[in-house]
Amino acid sequence: MEEQVIYHPDFLVIPEGGEKPYLVAYRCEKCGLLYFPKVNICLNCFAEDFAKQPLSGKGKVYSYTIQYTPQPGLKAPSTVGYIDLPEDLRVLAQIVAEPEQMKIGMDVELTVGEIRKDADGKSMISYKFKPVE
Ligand SMILES: [Zn+2]
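Definitions and cut-offs
- Residues numbered from 1 in each chain as written.
- Predicted model: local features only at pLDDT ≥ 70, side-chain atom pairs only at ≥ 80, totals over all residues.
- Heavy atoms only, no water.
- Donors = N, O, S within 2.8 Å, 3.2 Å for Na, K, Ca; no water.
- Tetrahedral: all angles 85-135°; square planar, octahedral: opposite > 155°, others 65-115°.
- Helix = DSSP H or I, 4+ residues; strand = E, 2+ residues; numbered from the N terminus.
- Buried < 20%, exposed > 50% of the residue type's maximum accessible area, 1.4 Å probe, protein only.
- Polar contact = N/O pair within 3.5 Å; in protein donor to acceptor, adjacent residues only side chain to side chain.
- Contact = heavy atoms within 4.5 Å.

Can you lay out the coordination of the zinc ion for me, pointing to particular residues and giving the numbers?
Coordination of the zinc ion by the protein comes from C28 (SG), C31 (SG), C42 (SG) and C45 (SG), over a distance range of 2.3 Å. Geometry at the zinc ion is tetrahedral, judged from the four donor atoms that bind it and their angles of 101 to 118 degrees at the metal. The sequence pattern describing where the donors of the zinc ion fall on their chain is C-x2-C-x10-C-x2-C. A residue pair is termed long-range when its members are at least 10 positions apart, and C28 in strand β3 (residues 22-28) and C42 in the loop between β4 (34-35) and β5 (50-54) qualify at 14 residues. Neither C28 nor C42 differs from the other in exposure class; each is buried.

This is the structure we're talking about:
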């Protein structure tokens, strides 16, 4: 089997029992502001204590672009977009869809897969989104 590296292990959980993967946001314990990805210091109140909050994995495409000459390690065409989550967060992620499927406002959901190859040719696994079927 091809060697894999799980990227972003502190905010992407891939359960070993085969349950659905999920993203984890971090809520400031002092002011309640929610962050994804993780930050070390709250940008609102400078507190340093955060509580983990699993996210639903649902979202809507806020905006996207299709790369026909993507960075090395990515296949073309490659779609990248901002996803608005119901938890009031906006996340940048690869979107697994054909270019003609893409629409602003479309419903997407979390998936996991290769985001690129690393310098050693290993498959880097992280979060992506895909259209809801
Ligand atoms: Zn705060």
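So what's going on with the side chain of E87? Residues and values would help.
Assignment of secondary structure puts E87 in the loop between β7 (78-85) and β8 (89-95). A polar atom in the side chain of E87 sits 2.8 Å from the backbone nitrogen of S56. If sequence neighbours within four positions are ignored, E87 has contacts with L34, Q53, L55 and S56.

How would you summarise the environment of Q94 if you had to cite specific residues and measurements?
Relative to the helices and strands, Q94 resides in strand β8. Once the C-alpha coordinates of Q94 and Y26 are considered, the two residues, 68 residues apart in sequence, prove to be 21 Å apart. When near neighbours in sequence (up to four residues on either side) are disregarded, Q94 contacts L74, T79, V80, E114, I115, K128 and F129. Looking at Q94, its side chain comes within polar contact range of the main-chain oxygen of I115, at 2.8 Å.

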